[in-house]
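# Chain and residue survey
What follows is each chain in one-letter form.
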Amino acid sequence: MNKEKTLLTIITEAVLEDDVIKHLKDLGAHGYTVFDARGKGGQELLAGDRVEVPNIQIQVICNADVADAVQSAFQDKYFENYAMVIYRSVVEVIRSDKF
């Protein structure tokens, strides 16, 4: 049976990966997926030939209350000093018991 959950997507600096993941777990997220990310936004476009990965995208499927807690905590902790964007959407999840 499909159930509605929240897909929380966080795009931020790769240097924050370990810290962000620790906080996600502390705030009740059960799992996550991390991708390398690049593009252009408020910051300058990064050269495609760079060896290091300056940005990551983290996706978390969770309950709305966990998404609310993550959003609030990350706004307070990271937004002022780091490049970070968070967006969320409602998704239907098969095997929702895993989240």
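Preceding this paragraph is the structure being described.
## Considering the pattern of salt bridges
One pass over the full model with this rule turns up two salt bridges. In this structure, Asp 26 engages Lys 22 in a salt bridge whose closest nitrogen and oxygen atoms are separated by 2.7 Å. Of this pair, Asp 26 and Lys 22 are both found in helix α1 (residues 17–26), four residues apart, which corresponds to roughly one turn of the helix. For Lys 22, a relative accessible area of 47% gives the class partly exposed. Here Asp 68 makes a salt bridge to Arg 88, at a shortest N to O gap of 2.9 Å. Residue Asp 68 is found in helix α2 (residues 64–77), and its partner Arg 88 is found in strand β4 (residues 84–93); the two are separated by 20 residues along the sequence. By relative accessible area, Asp 68 is classed as partly exposed at 43%.

## Concerning the pairing of strand β3 (residues 55–62)
Of all the eight residues making up β3, six are buried; the element is thus mostly covered by neighbouring parts of the structure. The pairing of strand β1 (residues 3–13) with β3 spans eight bridges and is classified as antiparallel. Paired with Thr 9 across the two strands is Gln 59, which belongs to β3. As judged from the five bridges shared by strand β2 (residues 33–37) and β3, these two strands associate in the antiparallel manner. Bridge pairing in β3 places Asp 36 opposite Ile 56.

## Points about the packing of aromatic side chains
Within a pair of aromatic rings, the relevant descriptors are the distance that separates the centres and the angle that separates the planes. Taken as a whole and assessed by the stated rule, the structure comprises two aromatic pairs. Centroid distance Phe 74 to Tyr 78: 5.1 Å. Interplanar angle 85 degrees. Geometry classified as edge-to-face. Seen from their ring centres, Tyr 78 and Tyr 82 are 6.1 Å apart, and the 65 degrees between their planes marks the pair as edge-to-face. We classify Tyr 78 as buried; its relative accessible area is 1%. Of the residues examined, Tyr 82 reaches a relative accessible area of 34% and is grouped as partly exposed. Through a chain of ring-to-ring contacts, three or more aromatic side chains come together here, namely Phe 74, Tyr 78 and Tyr 82.

Scoring rules and cut-offs
- Residues numbered from 1 in each chain as written.
- Predicted model: local features only at pLDDT ≥ 70, side-chain atom pairs only at ≥ 80, totals over all residues.
- Heavy atoms only, no water.
- Salt bridge = Lys/Arg side-chain N within 4 Å of Asp/Glu carboxyl O.
- Helix = DSSP H or I, 4+ residues; strand = E, 2+ residues; numbered from the N terminus.
- Buried < 20%, exposed > 50% of the residue type's maximum accessible area, 1.4 Å probe, protein only.
- Pairing = 2+ DSSP bridges.
- Phe/Tyr/Trp six-rings, centres within 6.5 Å; stacked < 30°, edge-to-face > 60°.

Note that every value here comes from positions in space, so none of it alone points to a role or purpose.
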